[in-house]
Amino acid sequence: MKKTIGAACAAALIAALAPLPHASAAGDTVSVNPRKLDRGDDVRVPHIEGKKVVDGDVSVKVRGKQRFLLGTSGEAYVVQVLRKERFQVVRVRPGAEEVRLVQSSPEQVLLSDDGSTIAVLDKIARRTSIDVRSAVDGELLATGRGFRGYPSLLDLDGDHLVVASFEEGATDYDWTTGSRTTITKRPVYRADISSDRMALFTDDPYDGGCTVVAPLTRPKKKIWRSCEEAVLRFSPDGKRMVNTYILADGLGPNRVSERKVRGRLLASYKVGGFFGAISWESETDLLIDANARKKAATVRCSAGDCERASDLRATPVYRPTVSAEEPLFSRPAG
């Protein structure tokens with residue numbers, strides 16, 4: 001059960017990093033400067049480079065202004081792209097015609113862990129519908145109606161979709177049967193079905209709420225608690241997490257922390273500019289876009305040891321008008 005939750009009171013910021021080559025001790029703060037990092041291997045997982053999806057020796061061009069890779073689907077790639085001021089989700093692969101799957105805003109679509117289906121928020125209102133479609137041809141497979149509040153899609157794995165909102169808490173929705181099971185009434189903002197992890201707020205973080213990490217299957221069991229940090233991503237095996245300041249907002253955080261899931265600090269990373277997109281390349285390696293004052297790069301880090309995983313590029317002078325990174329909450333301001 002994976003990915004997001006929201007309130008205008010806490011916007012998400014996802015991250016990236018790049019430090020000096022080595023931290024001297026576990027838990028040290030590593031200063032990230034892409035120009036001073038040794039060049040390591042290229043990014044080892046499918047990713048976007050400019051106008052293309054790159055996966056090792058495979059490269060597929062995708063037309064549009066902005067591109068966000070949602071994941072892989074068999075030998076194809078599912079990409080969200082901005083065209084004529086509207087977002088479309090498309091399926092692309094080398095030597096094949098592009099397949100348009102659905103139209104959706106970035107924060108309203110989620111690809112399943114096995115790449116077979118996509119979940120789409122049909123509308124944002126006091127009651128929201130969720131469509132589940134084939135990631136192969138876009139065929140509508142199921143529609144769930146009447147989700148209250150302003151829900152977010154956190155994770156889609158097999159038959160199960162984790163849906164959460166600040167007002168209603170988190171629900172396990174079996175889209176094949178239509179059944180819905182309450183996980184917790186508290187506001188969950190990160191969830192991962194395969195690793196049995198979730199992060200929730202005890203209350204609005206702008207009003208003293210704290211983060212609690214717990215198993216999805218045992219929501220009352222506390223693994224870790226913090227009133228200073230929010231979880232950005234759990235590692236694939238759920239044994240690590242990367243966090244940022246609980247009230248982070250704006251262009252991007254300039255500091256993130258890598259921790260064991262029970263809270264032990266492995267390293268803190270800071271940058272003179274801001275961190276952008278962040279993901280786990282493996283159970284122990286982070287990929288983070290580090291934007292220093294003049295130069296930026298994708299950086300691979302683990303427990304304070306970092307290397308550059310891309311060529312240097314100019315730091316963007318402005319933030320894109322639309323981001324695929326999900327907010328911590330999805331309820332509107334006011």
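Definitions and limits used
Residues numbered from 1 in each chain as written. Predicted model: local features only at pLDDT ≥ 70, side-chain atom pairs only at ≥ 80, totals over all residues. Heavy atoms only, no water. Helix = DSSP H or I, 4+ residues; strand = E, 2+ residues; numbered from the N terminus. Buried < 20%, exposed > 50% of the residue type's maximum accessible area, 1.4 Å probe, protein only. Contact = heavy atoms within 4.5 Å. pLDDT = per-residue confidence, 0-100. Core = buried A, V, L, I, M, F, W, Y, C linked by side-chain atoms within 4.5 Å. Disulfide = S-S within 2.5 Å.

### Re the side chain of Thr 128
Right, on to step 1. With respect to the secondary-structure elements, Thr 128 resides in strand β11 (residues 127-134).
Right, on to step 2. The class of Thr 128 is buried, set by a relative accessible area of 0%.
Right, on to step 3. Beyond its immediate stretch of four places on either side in the chain, Thr 128 contacts Leu 121, Lys 123, Gly 144, Arg 145, Gly 146, Phe 147, Gly 149 and Pro 151.

### So, the confidence of the model for the chain
Right, on to step 1. The predicted model of the chain averages 88 in pLDDT, with 86% of residues at 70 or higher.
Right, on to step 2. For residues 330-334, every residue scores under 50 in pLDDT, and the model assigns this stretch 17 contacts once sequence neighbours within four places are set aside.

### Concerning the nonpolar core
Right, on to step 1. Ranked by internal contacts, the top residues of the largest apolar core, which has 19 residues, are Val 242, Tyr 269, Phe 275 and Leu 286.
Right, on to step 2. Looking at this core, the elements that each hand over two or more residues are β1 (29-32), β24 (265-271), β25 (274-280), β26 (286-291) and β27 (295-302).

### Here we look at unusual backbone geometry
Excluding glycine, most residues fall at negative phi; most peptide bonds, likewise, are trans.
Right, on to step 1. Of note, the phi angle at Lys 84 is positive, near 50°, even though the residue is not glycine.
Right, on to step 2. Mapped onto the fold, Lys 84 is located in the loop between β6 (76-83) and β7 (86-92).
Right, on to step 3. A relative accessible area of 78% places Lys 84 in the exposed class.
Right, on to step 4. Here Ala 303, not a glycine, exhibits a phi torsion of approximately 50°, which is positive.
Right, on to step 5. Looking at the element boundaries, Ala 303 is found in the loop between β27 and β28 (305-308).
Right, on to step 6. According to the relative accessible area criterion, Ala 303 is partly exposed, its value standing at 30%.

### Let's talk about the state of the cysteines
Right, on to step 1. For the structure on display, the rule yields two disulfides.
Right, on to step 2. At a sulfur-sulfur separation of 1.8 Å, the disulfide partner of Cys 210 is Cys 227. Handedness of the Cys 210-Cys 227 disulfide follows from its S-S torsion of about 85°: it is right-handed. With a gap of 17 residues between them, Cys 210 in the loop between β18 (197-201) and β19 (211-214) and Cys 227 in the loop between β20 (224-226) and β21 (229-234) connect regions that are remote in the sequence.
Right, on to step 3. Overall, the relative accessible area of 44% leaves Cys 227 in the partly exposed class.
Right, on to step 4. One disulfide in the model links Cys 301 with Cys 306; its S-S distance is 2.0 Å. Of note, the bridge from Cys 301 to Cys 306 carries an S-S torsion of about 120° and is right-handed in sense.
Right, on to step 5. Here Cys 301 falls in the buried class, since its relative accessible area comes to 0%.

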